[in-house]
Amino acid sequence: MARVLMFGALAEAAGWRARDIEVGSLDGLRTLLAAEDGRLGERLSGPGVCAVLNTEMVRGDRPLKADDEVAFIPPVSGG
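Presented here is an overview of the structure given in this document. (Residues numbered from 1 in each chain as written. Predicted model: local features only at pLDDT ≥ 70, side-chain atom pairs only at ≥ 80, totals over all residues. Heavy atoms only, no water.)

1. Topic: the nonpolar core
The cut-off we apply is this: Working definition of a nonpolar core: buried Ala, Val, Leu, Ile, Met, Phe, Trp, Tyr and Cys residues. They are joined through side-chain atoms within 4.5 Å. Type-normalised accessible area, obtained with a 1.4 Å probe on protein chains alone, sets the label of each residue: buried when under 20%, exposed when over 50%, and partly exposed for intermediate values. For helices the rule is a DSSP run of H or I covering at least 4 residues; for strands it is a run of E covering at least 2, with both sets numbered from the N terminus onward. Throughout, a residue-residue contact means that at least one pair of heavy atoms, one from each residue, lies within 4.5 Å.
Met6, Leu29, Leu33, Leu44 and Phe72 are the most contacted members of the largest nonpolar core, which totals 21 residues. Of all the secondary structure elements, the ones that give two or more residues to this core are strand E1 (2–6), helix H1 (8–14), helix H2 (26–36), helix H3 (38–44), strand E3 (50–53) and strand E5 (69–73). For this core, the element with the highest residue contribution is H1, accounting for four residues. Setting aside residues no more than four positions away along its own chain, Leu44 makes contact with Met6, Leu10, Leu33, Val49 and Phe72.

Listed below in structure tokens is the structure:
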């Protein structure tokens, strides 16, 4: 199972910060999470949300292995 981490407002929307989820791809993970919670799914597909796979920021779909760690990070601003 992949370890899934949520940060900031995404963790608040999900109601959890970390879960182990068995899924084969990053797109499959997003689909599963959206099916479980439509509001979270909307936020995950929003502009500026980053997916980090094993410390590497990724775009698009990627296959997931059992020992992978996926983090979803909301947009941030600074000054």
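Structure shown, so let's carry the discussion forward.
2. Describing the pattern of salt bridges
Operational definition: Salt bridges are counted wherever a side-chain nitrogen of Lys or Arg sits within 4 Å of a carboxyl oxygen of Asp or Glu.
Overall, the coordinates contain four salt bridges when judged by the stated rule. A salt bridge links Asp68 to Lys65, with the shortest nitrogen-to-oxygen separation between them at 3.8 Å. Assessed through its relative accessible area of 4%, Asp68 is described here as buried.

3. Digging into the sheet that holds E3
Just so we agree on the cut-off: Paired strands are those between which DSSP finds at least two bridges. Fitting a line to C-alpha atoms yields each axis, with helices limited to the stretch in contact; the angle taken between N-to-C directions then spans 0 to 180 degrees.
Spatially, E2-E1-E5-E3-E4 is the arrangement adopted by the five strands of the open sheet, whose pairing is mixed. The strands lining the two open edges of the sheet, one partner per strand, are strand E2 (18–21) and strand E4 (56–58). Strand-to-strand twist of the sheet, defined as the mean angle between neighbouring strand axes without regard to direction, takes the value 30°. Direction of pairing for E3 relative to E4: antiparallel, over a ladder of three bridges. Each bridged residue has a counterpart across the sheet, and for Ala51 the counterpart in E4 is Val58. Its contacts with the sheet put H2 on E1, E2, E3, E4 and E5, and the angle it makes with E5 is roughly 60°.

4. Digging into the environment of Gly38
One can find Gly38 in helix H3. In sequence terms Gly38 and Met1 are 37 residues apart; their C-alpha atoms lie 22 Å from each other.

5. Looking at the pairing of E5
Bridge analysis of E1 against E5 gives four bridges, and the strand direction is parallel. Pairing of Val4 across the sheet is with Val70, part of E5.

Functional significance is not addressed by these values, which are geometric in nature.
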